Amino acid sequence: MNETAIVEPIGKRERTKVANRQAILVAARRVFAQLGYEAATVRDIIRGTELASGTFYNYFRSKEEVFEALADDGARRFRPILRHARENAKSFDDYLHSAFVAYFRFIVEDNAPEGLPIDQRRPHVRMDTPEMMAVYQEVRQSLEDAIAHGDAPRVDADYLACACIGIAQEVGSAMLRRSPPDIDAAADFATGLILKGLDGAPRQG
């Protein structure tokens, strides 16, 4: 009986912590979309929740930390999508293109909740967090497998993984600044650039 009385409150506290943190992230995503990252403040994020102002600082020290948490949350949710692209690809070229399409579609949907306009004045996303590193490992493993099976050129898989991620992030940011964002055009450009360098990039009329 005593053991149950001790365990149950702890479980409830943990659930409350998870719920509070998620409430902050949901509010922050909407505030960043509505006001833009630069204009948004911690006070704006708190107003978007039902939490007391002091509660926010139990979880985050700044809006920068909230943004990093959102980026990590996005990386965690994107990993199974990336794995699905890998498992269903018919060739190395198909994998690259489908992975770029999946990423560009993901960031369009993730950066414009409920049809709000996309704002790209945001800080650089750190790549050394566990979730970001897991995405890198997923990409690198896919490339190493393709190289080992003779489906891709025998190049440095580490460099290639970093190049793919860097191109995806920068081309994705540029795509989001366009209205409307053209996912297919961005994916075609990124895929062609990786496969054939500038000779493979689609030409403009």
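Quantities reported herein were computed from a predicted structural model and do not represent experimental measurements. (Residues numbered from 1 in each chain as written. Predicted model: local features only at pLDDT ≥ 70, side-chain atom pairs only at ≥ 80, totals over all residues. Heavy atoms only, no water.)

## Considerations on the overall build of the protein chain
Then step 1. In terms of regular secondary structure, the protein chain is built from eight helices and zero strands.
Then step 2. Secondary structure elements in the protein chain, listed N-terminal to C-terminal, are α-α-α-α-α-α-α-α.
Then step 3. Across the 205 residues of the protein chain, 40% fall into the buried class.
Then step 4. Carbon and sulfur atoms form 52% of the exposed surface of the protein chain, whose accessible area is close to 12400 Å². (Helix = DSSP H or I, 4+ residues; strand = E, 2+ residues; numbered from the N terminus. Buried < 20%, exposed > 50% of the residue type's maximum accessible area, 1.4 Å probe, protein only. Areas by Shrake-Rupley, 256 points an atom, 1.4 Å probe, with all protein chains shown as cover.)

## Considering the environment of F60
Then step 1. Take F60: it is sitting in the loop between α3 (53-56) and α4 (63-88).
Then step 2. With 18 residues separating them along the chain, F60 and V42 place their C-alpha atoms 9.7 Å apart.
Then step 3. Sequence-distant contacts of F60, defined by excluding residues within four places in its chain, comprise R21, I24, L25, E65, V66 and A69. (Contact = heavy atoms within 4.5 Å.)

## Brief notes about the state of the cysteines
Then step 1. Per the stated rule, a full pass over the model turns up zero disulfides.
Then step 2. With no disulfide partner, C162 has as its closest neighbouring cysteine sulfur the one in C164, 9.4 Å distant.
Then step 3. For C162, a relative accessible area of 42% puts it in the partly exposed group. (Disulfide = S-S within 2.5 Å.)

## Re the pattern of salt bridges
Then step 1. Scanning the model with the defined rule gives 12 salt bridges in all.
Then step 2. Residues D73 and R77 are paired through a salt bridge, measuring 3.0 Å at the closest nitrogen-oxygen approach. Of this pair, D73 and R77 both sit in helix α4, four residues apart, which is roughly one turn of the helix.
Then step 3. Among the ionic pairs, R79 bridges to E131, the shortest N-O distance being 3.9 Å. On the criterion of sequence distance, the pair formed by R79 in helix α4 and E131 in helix α6 (residues 130-148) is long-range, its members being 52 residues apart.
Then step 4. On the accessibility criterion, R79 (26% relative accessible area) is partly exposed.
Then step 5. If you follow the salt bridges from partner to partner, you end up with R29, D73, R76 and R77 in one network. (Salt bridge = Lys/Arg side-chain N within 4 Å of Asp/Glu carboxyl O.)

## Thoughts on the side chain of T191
Then step 1. Note on placement: T191 falls in helix α8 (residues 183-196).
Then step 2. Not counting residues up to four positions away in its chain, the partners in contact with T191 are D93, L96, H97 and F100.

## As for the confidence of the model for the protein chain
Then step 1. The share of residues in the protein chain with pLDDT of 70 or more is 84%, and the mean pLDDT across the chain is 85.
Then step 2. Taking the mean pLDDT of every element in the protein chain, the minimum, 77, falls on helix α1 (residues 2-35) and the maximum, 96, on α8. (pLDDT = per-residue confidence, 0-100.)

## Brief notes about the environment of R76
Then step 1. The residue R76 is located in helix α4 in this model.
Then step 2. Each C-alpha atom of the pair R76 and A134 lies 8.3 Å from the other, and the pair is 58 residues apart in sequence.
Then step 3. At a separation of 2.4 Å, a polar atom in the side chain of R76 contacts the side chain of D73. (Polar contact = N/O pair within 3.5 Å; in protein donor to acceptor, adjacent residues only side chain to side chain.)

## Here's the deal with the packing of α4 against α6
Each pair of packed helices gets described by two things: the angle between the helix axes and the distance between those axes.
Then step 1. With their axes 8 Å apart at the nearest point, α4 and α6 run at an angle of 20 degrees to one another. Of the possible angle classes, the one that applies to α4 and α6 is roughly parallel. Considering the relative orientation of α4 and α6, their crossing is left-handed. Along the contact surface, α4 presents A71, D72, A75, R76, R79, L82, R83 and R86, while α6 presents E131, M132, A134, V135, E138, V139, Q141, S142 and D145.
Then step 2. Its residues assigned to classes, the contact of α4 with α6 comprises seven nonpolar, two polar and eight charged. (Axes fitted to C-alpha atoms, helices over the stretch in contact; angles between N-to-C directions. Parallel < 35°, antiparallel > 145°, perpendicular 65-115°, else oblique. Left-handed = near helix turned anticlockwise from the far one by under 90°. Nonpolar A, V, L, I, M, F, W, Y, C, P; charged D, E, K, R; others polar.)

## Considering the packing of aromatic side chains
Then step 1. Taken as a whole and judged by the stated rule, the model has nine aromatic pairs.
Then step 2. For the ring pair F32 and Y37, a centre distance of 5.2 Å and an interplane angle of 55 degrees mean the geometry is tilted.
Then step 3. Given the relative accessible area of 2%, F32 is considered buried.
Then step 4. The class for Y37 is buried, based on a relative accessible area of 3%.
Then step 5. Ring plane angle 45 degrees and centroid distance 6.0 Å describe the contact between F56 and F60, whose orientation is recorded as tilted. This pair shows no difference in class: F56 is buried, exactly as F60 is.
Then step 6. Every member of this aromatic cluster is reached through a ring pair, and the members are F78, F100, Y103, F104 and F106. (Phe/Tyr/Trp six-rings, centres within 6.5 Å; stacked < 30°, edge-to-face > 60°.)

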